[in-house]
Amino acid sequence: GLRVMAAYLSTATSYFATPIHDMVLRMLEELGMPLLHVGACTNSSVCSFEYYWEWLPIDEYFTDCAEGEVSTDCNNKTLYPVEFWLY
């Protein structure tokens, strides 16, 4: 199936949205869209969560890449297996 996630993506820290606190994302999920939920990053010292957003450094998202060395050679495995992005 299709895995969907809402996020603001950047090359440093990205912000992943939770469908629980957003009325549009909640509506899409209730209508059947398979939205992924935040919370996969268990390292609370670098991944913080505030009400709506999970703040995630790029080094934590690409789990096979060495810290500070994100490239196309190691980007196959990610923290969230997303196939379609919203936002």
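Computed from a prediction, not measured in an experiment: that's the story for all the values here. (Residues numbered from 1 in each chain as written. Predicted model: local features only at pLDDT ≥ 70, side-chain atom pairs only at ≥ 80, totals over all residues. Heavy atoms only, no water.)

Student: Any chance you could explain the overall build of the chain here in plain terms?
Tutor: Check the secondary structure of the chain and you find two helices and five strands. Counting from the amino terminus, the chain carries its helices and strands in the arrangement β-β-α-β-β-α-β. Against the compact-globule benchmark of 12 Å for 87 residues, the chain has a radius of gyration of 13 Å, which places it among compact chains. Each principal axis of the C-alpha atoms in the chain carries an extent, and together these give about 40 × 30 × 20 Å. Taking all 87 residues of the chain together, the buried fraction comes to 29%. Here the analysis covers contacts within the chain between residues at least 6 apart in sequence; of these, 54% occur between residues at least 24 apart. By element, 55% of the accessible surface of the chain is carried by carbon and sulfur atoms, the whole surface being about 5,600 Å². (Helix = DSSP H or I, 4+ residues; strand = E, 2+ residues; numbered from the N terminus. Rg over C-alpha atoms; globule rule 2.2 N^0.38 Å. Buried < 20%, exposed > 50% of the residue type's maximum accessible area, 1.4 Å probe, protein only. Contact = heavy atoms within 4.5 Å. Areas by Shrake-Rupley, 256 points an atom, 1.4 Å probe, with all protein chains shown as cover.)

Student: Sorry if this is basic, but what is going on with unusual backbone geometry here?
Tutor: The bulk of non-glycine residues show a negative phi, and the bulk of peptide bonds are trans. Even without glycine at this site, Tyr87 takes up a positive phi of about 90°. Topologically, Tyr87 is positioned in the segment after strand E5 (84-86).

Student: Sorry, what's going on with the nonpolar core here?
Tutor: The nonpolar side chains of a soluble globular protein tend to be buried, and buried together. Core analysis: the biggest nonpolar cluster contains 13 residues, and Met5, Phe16, Val38, Leu56, Tyr61, Tyr80 and Val82 have the highest contact counts within it. Aside from chain neighbours lying at most four places away, what touches Val82 is Arg3, Met5, Leu36 and Tyr61. (Core = buried A, V, L, I, M, F, W, Y, C linked by side-chain atoms within 4.5 Å.)

Student: Would you mind showing me how to read helix H1 (residues 23-30) here?
Tutor: The α-helix advances 3.6 residues per turn, and as a result positions three or four apart in sequence lie on the same side. Capping of H1 at its N-terminal end is provided by Asp22; its side-chain oxygen lies 3.2 Å from the backbone amide nitrogen of Val24. One or two positions beyond H1, positive phi appears at Gly32, with a value near 115°. (Polar contact = N/O pair within 3.5 Å; in protein donor to acceptor, adjacent residues only side chain to side chain.)

Student: For this particular structure, what's the right way to read the side chain of Glu54?
Tutor: Looking at the secondary structure, you find Glu54 in strand E4 (residues 53-57). Within the buried set, Glu54 has no salt-bridge partner at all; the shortest N-O distance to an opposite charge, 15 Å, is to Arg3. Of note is the side chain of Glu54, whose polar atom sits 3.4 Å from the backbone nitrogen of Gly39. Looking at Glu54, its side chain comes within polar contact range of the side chain of Tyr80, at 2.5 Å. Setting aside residues no more than four positions away along its own chain, Glu54 makes contact with Ser14, Tyr15, Phe16, Val38, Gly39, Ala40, Cys41, Ser48, Phe49 and Tyr80. (Lys, Arg positive; Asp, Glu negative; His and termini not counted. Salt bridge = Lys/Arg side-chain N within 4 Å of Asp/Glu carboxyl O.)

What is shown is where atoms sit, not what they do.
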